[in-house]
Every structure is written in structure tokens, then in C-alpha cells.
Amino acid sequence: MLYASKTKNGHHQIQQDLMDILSEALNFNLENDITGVLYYGNGFFLHYLEGEKDKLEYLYYNFIYKDHRHKECEILFSSFIELRNFDKWTMKYAPINVKVKQFFKTQEIPNFNPYLINPLSIPALIQVIFDDQIRVANNYHSY
């Protein structure tokens with residue numbers, strides 16, 4: 001499942017909101033065998049989650065959708081997958097980076113705004129996110 005939302009709070013509060021969201025997500029996701037990655041940039045959240053459909057829907061509709069830190073929550077993509085891409089990350093956080101920015105520019109979206117992405121391009125975006133996280137992990141572990 002991939003969803004987007006906007007932050008309700010201003011720039012001054014976003015760091016604390018991100019820390020709180022990540023802390024809450026780590027606990028819930030570990031208990032429910034959910035993995036994924038959360039991106040934040042330009043006032044937008046882009047969150048990719050993997051797990052059992054009923055657990056993902058429960059999480060989204062009972063927590064994320066009702067979370068006071070989000071507004072305009074929208075599921076952009078949901079699909080059955082055989083193997084997880086982010087099986088090592090209960091909840092990985094990443095600020096918007098060069099690779100993701102480049103992907104959006106190739107989609108003729110000048111600034112990171114997940115609501116504007118063509119739904120047919122979402123699997124390619126997920127692959128860019130996955131490839132970038134693997135690159136970061138490999139660089140980190142190579143030292």
C-alpha cells in the first residue's frame with residue numbers, strides 16, 4: 001500500500017511529529033509484521049507499507065487516516081506482492097533525496113508532490129525508493 005498525506009502542522013512542529021510517527025509506527029509495525037518506508041518533503045508524506053492486507057487496512061483506517069498530524073490522506077496504490085521489498089525495515093524514514101526528486105522531474109512534476117504522480121508510474125517510483133534505500137544501506141555497511 002502506498003498512501004500520501006499532507007502535514008497539518010507547520011515547519012516548526014514537523015520534526016517532533018516525524019519522531020512521534022516513527023516511534024509509534026515501529027511498535028505497531030513490529031507487532032503486526034508490517035514493513036515499509038516513510039518519505040517526507042515539501043509538507044507531504046509518502047508512505048509505502050507492506051504486510052497482510054487486513055492489517056494494512058486496519059492500520060490505515062483506524063490510525064493513519066484519523067491521525068491529527070495528517071490531512072488529505074489518500075491511498076495511491078495497493079497491490080498483492082509475492083515478496084516484500086522492505087522486509088528489513090519495520091519503518092524506514094528517508095527525507096526526499098536526489099533520486100526521488102529526479103524521478104518526479106521525469107514525470108514532469110517539478111517539486112515533490114505525491115498527489116500528482118500518474119498511477120501507472122507508481123511501481124517505478126517504488127522501485128526507485130527501494131533501489132535508493134539498498135544503495136544507502138550498502139554504502140553504510142561498506143565502511
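What you see is a predicted model, and the numbers here were worked out from it, not measured in a lab. (Residues numbered from 1 in each chain as written. Predicted model: local features only at pLDDT ≥ 70, side-chain atom pairs only at ≥ 80, totals over all residues. Heavy atoms only, no water.)

Asks: Whenever I open this one, the overall build of the chain confuses me. Can you help?
Replies: Helices and strands together make up the secondary structure of the chain, namely four helices and five strands. Across the chain, helices and strands are ordered from the amino to the carboxyl terminus as β-α-β-β-α-β-β-α-α. The globule rule puts the C-alpha radius of gyration for 143 residues at 15 Å, and the 14 Å found for the chain is close to it. Oriented by its inertia axes, the alpha-carbon framework of the chain measures out at about 35 × 35 × 35 Å. Relative to its full complement of 143 residues, the chain shows a buried share of 44%. Contacts in the chain between residues far apart in sequence, at least 24 positions, make up 76% of those at least 6 positions apart. Carbon and sulfur atoms make up 53% of the accessible area of the chain, which amounts to about 8,500 Å² in all. The averaged location of the 17 negative side-chain charges in the chain is 6 Å from the averaged location of its 14 positive side-chain charges. (Helix = DSSP H or I, 4+ residues; strand = E, 2+ residues; numbered from the N terminus. Rg over C-alpha atoms; globule rule 2.2 N^0.38 Å. Buried < 20%, exposed > 50% of the residue type's maximum accessible area, 1.4 Å probe, protein only. Contact = heavy atoms within 4.5 Å. Areas by Shrake-Rupley, 256 points an atom, 1.4 Å probe, with all protein chains shown as cover. Lys, Arg positive; Asp, Glu negative; His and termini not counted. Charge placed at Lys NZ, Arg CZ, Asp CG, Glu CD.)

Asks: What exactly am I supposed to notice about the nonpolar core here?
Replies: Side chains that are nonpolar tend, in soluble globular proteins, to be buried together. Formed by 23 residues in total, the largest nonpolar core has its most connected members in Tyr-39, Leu-46 and Ile-129. Counting only elements with at least two residues in this core, the list comes to strand E1 (2-7), strand E2 (35-41), strand E3 (44-50), helix H3 (98-106) and helix H4 (122-141). With five residues, H4 is the largest single contributor of residues to this core. Among the nonpolar cores identified, the runner-up in size contains 19 residues, and Met-1, Ile-14, Ala-25 and Cys-73 belong to it. (Core = buried A, V, L, I, M, F, W, Y, C linked by side-chain atoms within 4.5 Å.)

Asks: What is the right way to read the packing of aromatic side chains from this model?
Replies: Note on aromatic pairs: each is described by the distance of the centres and the angle between the planes. One pass over the structure, following the stated rule, counts eleven aromatic pairs. One aromatic cluster is present, built from ring pairs that chain together Phe-44, Phe-103, Phe-104, Phe-112 and Tyr-115. (Phe/Tyr/Trp six-rings, centres within 6.5 Å; stacked < 30°, edge-to-face > 60°.)

Asks: Would you take a moment to explain the environment of Asp-131 for this structure?
Replies: Take Asp-131: it is sitting in helix H4. Along the backbone, Asp-131 and Asn-85 are 46 residues apart, and their C-alpha atoms lie at a distance of 9.5 Å.

Asks: Got a minute to help me understand the sheet that holds E2 in this structure?
Replies: Within a sheet, each strand pairs with its neighbour through backbone hydrogen bonds, oriented either parallel or antiparallel. On the basis of which strands lie adjacent, the open sheet formed by five strands has the order E4-E1-E3-E2-E5 and mixed pairing. Each end of this open sheet is capped by a strand with a single partner; those strands are strand E4 (70-77) and strand E5 (92-95). Shown here is a sheet whose adjacent strand axes are inclined to one another by a mean of 20 degrees, direction ignored. Across five bridges, the pairing between E1 and E3 is antiparallel. Following the sheet pairing, Ser-5 is matched in E3 by Phe-45. Those strands touched by helix H2 (residues 53-64) are E1, E3 and E4, and its axis lies near 160 degrees from that of E4. (Pairing = 2+ DSSP bridges. Axes fitted to C-alpha atoms, helices over the stretch in contact; angles between N-to-C directions.)

Asks: For this particular structure, what's the right way to read the pattern of salt bridges?
Replies: Side-chain pairing between opposite charges can occur once the charged atoms of the two side chains come close. The full count for this structure, using the stated rule, is five salt bridges. Among the salt bridges present, the one from Arg-69 reaches Glu-24, with a minimum N-O distance of 2.7 Å. On the criterion of sequence distance, the pair formed by Arg-69 in the loop between H2 and E4 and Glu-24 in helix H1 (residues 11-32) is long-range, its members being 45 residues apart. For Glu-24, a relative accessible area of 44% corresponds to the partly exposed category. What emerges from the salt-bridge pattern is a single network uniting Glu-24, Asp-67 and Arg-69. (Salt bridge = Lys/Arg side-chain N within 4 Å of Asp/Glu carboxyl O.)

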